[in-house]
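Close look at the chain arrangement
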Amino acid sequence: MKIICSIATTGKRDLTNTLNSLKGQVDKIYIYDNSKNPDLGALGKFQPLKYIEDCYMLLADDDIIYPRDYAKTIVKEIKERNCIISYHGRVIPEGATDYYSIDGWRFFQECEGRFLHVGGTGVMGFDTRYFRPQIWNGEYKKCADLTCAIEAKKQGKQIYMPSHKHLWIKPQANEGIYQEMRYRPEPNELLEIWKQMS
C-alpha cells in the first residue's frame, strides 16, 4: 500500500523544513491550508481520509522536522503492532480534570514504549483499513489529539507509542497550538467526554 502524509496549516508558517524532511519518504503529501479552504483547524489533516484509497496514513504537523527514516520506521510499527502509532501522548489518570496538567511523553524526548490514551496527531500513523476517523468536521477544531482519541476509544482501537531517542523527531523553534490552548476550556471539555465513555 502507498504511504500518504497529511498536514494541516494556517498558511502562516513556512513549510519548507517540514516538507524537506519528509521528501522521498512518502508517496504523496496532502496539505490542508485553512487560510484557503473552510477552516477545519488541526482537524484539517484528517480531511483526505474522505476520499483517498486505503493506505498507511501519516499525520504530520507544520512545526516538526521528521527524521530520514521516519516513514519506514512508523510503517514498520503499524504493521507489527496492528494499532494506531504515535510518538507523543498521554495516559489519563483516574480523576484527572485538567488535561494539560497530565504528564505525558513528548516526541522530542527519549521515551520507552507504552500504550497511550491520547496520541499526538502530528506524529501519528495508522493503516486506514484499521482506523479511518471521520472527524474533520468536528466541533473542536484545535483539539485534534483529544478528538482523535475519543474516536479511537469509540471504535475500540489502541494507540501505542514506540520507544524512541531524544531528538529523533525535532521541534522547530516557533509557537505551537499548545500555547494557544493551554488555558482554554475546550481540552477539558473533551477530557470529560473521553472519561464518560465506557
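Data block above holds the structure.
Before going into details, it helps to say that this report is about the structure given with it. (Residues numbered from 1 in each chain as written. Predicted model: local features only at pLDDT ≥ 70, side-chain atom pairs only at ≥ 80, totals over all residues. Heavy atoms only, no water.)

Looking now at the sheet that holds strand β3 (residues 56-61). The strand order β2-β1-β3-β10-β5-β11-β8 describes an open sheet built from seven strands, whose pairing is mixed. Looking at which strands have only one partner, the edges of the open sheet turn out to be β2 (28-33) and β8 (114-116). Each strand axis lies, on average, 25° off the axis of its neighbour in the sheet, ignoring direction. Examined bridge by bridge, strand β1 (residues 3-9) and β2 share six bridges and lie parallel to one another. Each bridged residue has a counterpart across the sheet, and for alanine 8 the counterpart in β2 is tyrosine 32. (Pairing = 2+ DSSP bridges. Helix = DSSP H or I, 4+ residues; strand = E, 2+ residues; numbered from the N terminus. Axes fitted to C-alpha atoms, helices over the stretch in contact; angles between N-to-C directions.)

What follows deals with the packing of aromatic side chains. All told, the structure shown has nine aromatic pairs when counted by the stated rule. When the centroid spacing of 6.0 Å and the interplanar angle of 70° are considered together, the rings of tyrosine 30 and tyrosine 51 count as edge-to-face. Here tyrosine 51 lies in the loop between β2 and β3 and tyrosine 30 lies in strand β2, a separation of 21 residues in the sequence. Taking the centre distance of 5.2 Å and the plane angle of 70° together, the rings of tyrosine 99 and tyrosine 100 count as edge-to-face. Residues tyrosine 99 and tyrosine 100 agree in their burial class; the two are buried. Through a chain of ring-to-ring contacts, the aromatic side chains of Tyr66, Tyr70, Tyr87 and Trp168 assemble into a single cluster. When the ring centre of tyrosine 99 is taken as reference, the NZ or CZ atom of arginine 90 above it lies at 4.5 Å. A cation over an aromatic ring shows up here: lysine 153 above the ring of tryptophan 194, its NZ or CZ 3.5 Å from the ring centre. (Phe/Tyr/Trp six-rings, centres within 6.5 Å; stacked < 30°, edge-to-face > 60°. Buried < 20%, exposed > 50% of the residue type's maximum accessible area, 1.4 Å probe, protein only. Lys NZ or Arg CZ within 6 Å of the ring centre and 35° of its normal.)

The next point concerns the environment of tyrosine 160. Mapping tyrosine 160 onto the fold places it in strand β11 (residues 159-161). Separated by 30 residues in the primary sequence, tyrosine 160 and leucine 190 have C-alpha atoms spaced 20 Å apart. With near-sequence residues (within four places) excluded, tyrosine 160 lies in contact with Arg81, Cys83, Ile84, Ile85, Ser86, Gly113, Arg114 and Phe115. (Contact = heavy atoms within 4.5 Å.)

Without other data, these values stay purely geometric and don't point to any function.
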